[in-house]
Amino acid sequence: MKNFIKIFSLFSLMGFYNLEAQQVVKRDTLSGTELTITMDSRVSEALDAVEDRCAKTTAAKISSGIDDDAPSKPTKILVPSRELTNAEICRRNPRILGFKIQIAVVKSNDEANEIKAYFRKRFPTLKVETDASLRPNYKILAGSYFTRQSAAGDLARVKEYFKSATPIQYRVFCAEAK
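Now for a description of the structure that goes with this document. The shown structure was predicted, so the numbers you read here are calculated from the model rather than taken from an experiment.

Rules of the game
- Residues numbered from 1 in each chain as written.
- Predicted model: local features only at pLDDT ≥ 70, side-chain atom pairs only at ≥ 80, totals over all residues.
- Heavy atoms only, no water.
- Helix = DSSP H or I, 4+ residues; strand = E, 2+ residues; numbered from the N terminus.
- Buried < 20%, exposed > 50% of the residue type's maximum accessible area, 1.4 Å probe, protein only.
- Contact = heavy atoms within 4.5 Å.
- Areas by Shrake-Rupley, 256 points an atom, 1.4 Å probe, with all protein chains shown as cover.
- Salt bridge = Lys/Arg side-chain N within 4 Å of Asp/Glu carboxyl O.
- Pairing = 2+ DSSP bridges.
- Axes fitted to C-alpha atoms, helices over the stretch in contact; angles between N-to-C directions.
- Expected span 1.5 Å × (residues − 1).
- Arc of directions from axis to C-beta.

Quick notes on the overall build of the protein chain
Counting its regular elements, the protein chain contains 5 helices and 6 strands. Counted from the first residue to the last, the protein chain has its helices and strands arranged as α-β-β-α-α-β-α-β-β-α-β. When each of the 178 residues of the protein chain is scored for burial, the buried share is 24%. Looking at the protein chain alone, contacts between residues at least 24 apart form 64% of all its contacts between residues at least 6 apart. Accessible area of the protein chain: about 14000 Å², with a carbon and sulfur share of 58%.

Digging into the pattern of salt bridges
Tallied over the entire structure, the rule returns 2 salt bridges. Salt-bridge contacts for Glu129 lead to Lys100; the nearest nitrogen and oxygen are separated by 3.1 Å. Here the residue Glu129 occupies a position in strand β4 (residues 128-131), and Lys100 occupies one in strand β3 (residues 95-106), the gap between them amounting to 29 residues. Take Glu129: its relative accessible area is 23%, and that puts it in the partly exposed class. For Lys100, a relative accessible area of 4% translates into the label buried. Where Arg157 meets Asp154, a salt bridge forms, and the shortest distance between an N and an O atom there is 3.2 Å. Here Asp154 and Arg157 lie together in helix α5 (residues 148-159), a separation of 3 residues that amounts to about one turn.

A closer look at the sheet that holds strand β5 (residues 138-145)
Strands sit in the order β4-β5-β3-β6 across an open sheet of 4 strands; the sheet is antiparallel. Two strands lie at the open edges of the sheet, namely β4 and β6 (166-173), each paired on one side alone. Strand-to-strand twist across the sheet, computed as the mean angle between neighbouring axes with direction ignored, equals 45 degrees. In the packing of α5 onto the sheet, contacts are made with β3, β5 and β6, and the angle to β3 comes to roughly 20 degrees.

Quick notes on helix α4 (residues 109-122)
With 14 residues, α4 extends 20 Å from end C-alpha to end C-alpha; this agrees with the ideal 20 Å at 1.5 Å per step. Residues of α4 that are buried include every one of Ala112, Ile115, Lys116 and Phe119, and no others. All buried residues of α4 project into a common sector of 105 degrees when viewed along the axis, lining one side. Exposed residues on α4 whose side chains face more than 90 degrees from its buried face are Asp110, Glu114 and Lys121. Residues of α4 that are buried make contact with β3, β4, β5 and α5.

Okay, here's the thing in structure tokens:
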């Protein structure tokens, strides 16, 4: 009985392995490259029949002038030529060329940290940072602004404590800028 089950399972496994599958070569409709697919010949014939039926109905509609399924041209949206808003600029570029207030330029990192701490006590709402790209000099920068005019209000307040404060052009994150 055990031998019968082994022989039966072996034959059934071999029977499923030898299905009538074939390799079908199709042309890709978008780029025209060859695409090799392994499938049953009956499935391939059914796909060919569906494709032929679609091609015939499309050709019949075009020849009769009926074009219900044809995609309509999108309506052209006219946008007046105007200056972009800050939100539109930010969507395109998260980091733009704007302005920051340069508070001071010092020779050491310790001096820069002291000035930043003093600045934070006086102006807790303004973001302050150190730019060490010009070592051994350190720039202390505050705020982020789109234009010089938008920085003018804060600059006037900062100049009360830091006489050498000046707006400079600098790359700013658009989301932080005023």
